[in-house]
There are 2 protein chains.
Amino acid sequence: MARLYHVPLSPFCRKVRLSLAEKKIEVELIEERYWEQDPDFLRRNPAGKVPVLRLDGMILTESAAICEYIEETRPEPSLMPKDAETRAEIRRLVGWFDDKFHQEVTSKLLYERVNKKVTGEGYPDSKNVKAGAKAIKYHLDYMAWLLDHRRWLAGDQMTLADFAAAAHLSCLDYISDVDWNRSAAVKDWYAKIKSRPAFRSILADQIAGFRPPPHYADLDF
Amino acid sequence: MARLYHVPLSPFCRKVRLSLAEKKIEVELIEERYWEQDPDFLRRNPAGKVPVLRLDGMILTESAAICEYIEETRPEPSLMPKDAETRAEIRRLVGWFDDKFHQEVTSKLLYERVNKKVTGEGYPDSKNVKAGAKAIKYHLDYMAWLLDHRRWLAGDQMTLADFAAAAHLSCLDYISDVDWNRSAAVKDWYAKIKSRPAFRSILADQIAGFRPPPHYADLDF
């Protein structure tokens, strides 16, 4: 069986979990305290990060490389349509969320509020939290603008771009940092993606010391 | 003709330039002062970053999305072999350089020494410069270890992984921050890649206020 070394509130791990679940690849989840840099773990991934996926007798790392590998070896159901233009748009948006959104929002809210406590790095820096709370508004508005033109973020079809975005937002929703009233289009999009079977394991996550708000796992939030 | 909005000392732009040149796609280079956030530029890329490539009547952004698009639409000469395992290894290494190396080395040396001056953000933070100078040693050793097992970074063939690594190292070499005496294997690898016609435009770059060392453009460095 596939095995994923992960942490529950990592958007990069969640993106991989969503891809695996959508493709109906069964996976054993192993929580990895990657910040302790265990030598066995570093042998699996010298970069010292999660996600790390054991699949097809290989060790795969880097969430972008993992998701592309899954797509190439298990093309159905497709999360990357065949035409090069749409694929470029999907990858642009995956980069948008995993790079820009991550830097401006996820690292400022989730990492300050949760990761610092879990890894023993101390208290949230309120300047960062404030910056993240401000930046997420702009990003929700950008998503609303995209969804004004498109059914899903990259076009007519649900793709890896939607999973990248939903992975970040679901982590932030766990700590009540998403204002779903800001845009009806974004809320509808998240309701659609949240109701997919692939999302179930993510909605069942429980992180010790952090209780999610009641709406977190509610499909009619 | 293709048009690339770039800055000369951006490893992400250089990776795209190397891909374009290797595929013999002629391109007009336009220097973009992206930090001034010109509205015309933001319309092309709301993420506000370079590289931005106009190609096939489209605007492409995010260097990973751009390089994959070029590979999919111009497969020869190949920078990504067909088998999924090698492709995963290439993408892992592109992620290694564009994420880990970028964060631990490029942002600590190049951005402190050059970008801060160019964008008027002030003086280098010596703590960062020291950390970058220390981290690059580990990365050169990791490359040496890979090249001990392989002809090129991801295997027997030159790929996008080599271009990602060479893009970062060439920027750092411009400011004399690479100790080529640390590993003969890495130096040989760089000599091979540096002598490719695709590298010529990069070796001819001149940045006002920063003069490269004499060995920068020398193929027998």
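Residues numbered from 1 in each chain as written. Chains lettered and ligands numbered in written order. Predicted model: local features only at pLDDT ≥ 70, side-chain atom pairs only at ≥ 80, totals over all residues. Heavy atoms only, no water.

For chain A, the name recorded in an unreviewed UniProt entry is Glutathione S-transferase family protein, with Tritonibacter litoralis as its organism. What UniProt records for chain A under Subunit (unreviewed entry) is the sentence "Homodimer." (UniProt positions renumbered as here; feature names shortened; annotations may be inferred.)

Engineer: Honestly, the overall build of chain A in this entry has me stumped. Any pointers?
Structural biologist: Across its full length, chain A carries 8 helices and 4 strands. N-terminal to C-terminal, the α/β element order of chain A is β-α-β-α-β-β-α-α-α-α-α-α. Whereas a compact globule of 221 residues would reach a radius of gyration of roughly 17 Å, chain A reaches 17 Å, a difference of no more than 12%. Across the 221 residues that make up chain A, the buried fraction comes to 56%. Taking all contacts inside chain A whose residues are at least 6 apart in sequence as the whole, residues at least 24 apart take part in 68%. Accessible surface computed for chain A: about 10,000 Å², of which carbon and sulfur atoms make up 50%. Across chain A, the mean location of the 34 positive side-chain charges is 2 Å away from that of the 34 negative side-chain charges. (Helix = DSSP H or I, 4+ residues; strand = E, 2+ residues; numbered from the N terminus. Rg over C-alpha atoms; globule rule 2.2 N^0.38 Å. Buried < 20%, exposed > 50% of the residue type's maximum accessible area, 1.4 Å probe, protein only. Contact = heavy atoms within 4.5 Å. Areas by Shrake-Rupley, 256 points an atom, 1.4 Å probe, with all protein chains shown as cover. Lys, Arg positive; Asp, Glu negative; His and termini not counted. Charge placed at Lys NZ, Arg CZ, Asp CG, Glu CD.)

Engineer: How should I be thinking about the pattern of salt bridges in this particular structure?
Structural biologist: It is possible for side chains of opposite charge to pair when their charged atoms get near one another. This structure, assessed with the given rule, holds 44 salt bridges over all chains. Linking A:D99 and B:K49 is a salt bridge whose minimum nitrogen-to-oxygen distance equals 2.7 Å. Here the residue A:D99 occupies a position in helix α4 (residues 84–118), and B:K49 occupies one in the loop between α2 (39–44) and β3 (52–55), the pair thus bridging two chains. On the basis of relative accessibility, which here comes to 27%, the residue B:K49 falls in the partly exposed class. (Salt bridge = Lys/Arg side-chain N within 4 Å of Asp/Glu carboxyl O.)

Engineer: Help me out: how do you make sense of the interface of chain B and chain A in this one?
Structural biologist: By a widely used convention, the size of an interface equals the accessible area lost when the partners come together. Contact with chain B, which involves 24 residues of that partner, is made by 24 residues of chain A. Here chain B packs against chain A, burying approximately 2,000 Å² in sum over the two surfaces, 59% of which is carbon and sulfur. Broken down residue by residue, the surface that chain B buries against chain A is led by B:P46, B:E72 and B:R91, which jointly contribute 23%. The interface formed by chain B and chain A holds 8 salt bridges in total. One can count 7 residue pairs in polar contact (both at pLDDT 80 or more) joining chain B with chain A. Looking at the side of chain B that touches chain A, the elements that each hand over two or more residues are β4 (58–61), α3 (63–73), α4 (84–118) and α5 (126–149) of chain B. In terms of residues, the side of chain B that touches chain A owes the most to one element, α4(B), which gives 10 residues. Its residues placed into classes, the side of chain B that touches chain A shows 11 nonpolar, 3 polar and 10 charged. (Buried area = accessible area lost by both parts, 1.4 Å probe. Polar contact = N/O pair within 3.5 Å; in protein donor to acceptor, adjacent residues only side chain to side chain. Nonpolar A, V, L, I, M, F, W, Y, C, P; charged D, E, K, R; others polar.)

Engineer: Looking at this structure, how should I read the environment of B:R3?
Structural biologist: Residues and elements named next belong to chain B. By secondary structure assignment, the location of R3 is in strand β1 (residues 2–6). For the pair R3 and I30, spaced 27 residues apart in sequence, the C-alpha separation works out to 7.2 Å. Excluding anything up to four places from it in sequence, R3 contacts V27, E28, I30, V52, L53 and R54. Of the polar contacts made by the side chain of R3, one reaches the side chain of Y5; its length is 3.4 Å. Looking at R3, its side chain comes within polar contact range of the side chain of E28, at 3.1 Å.

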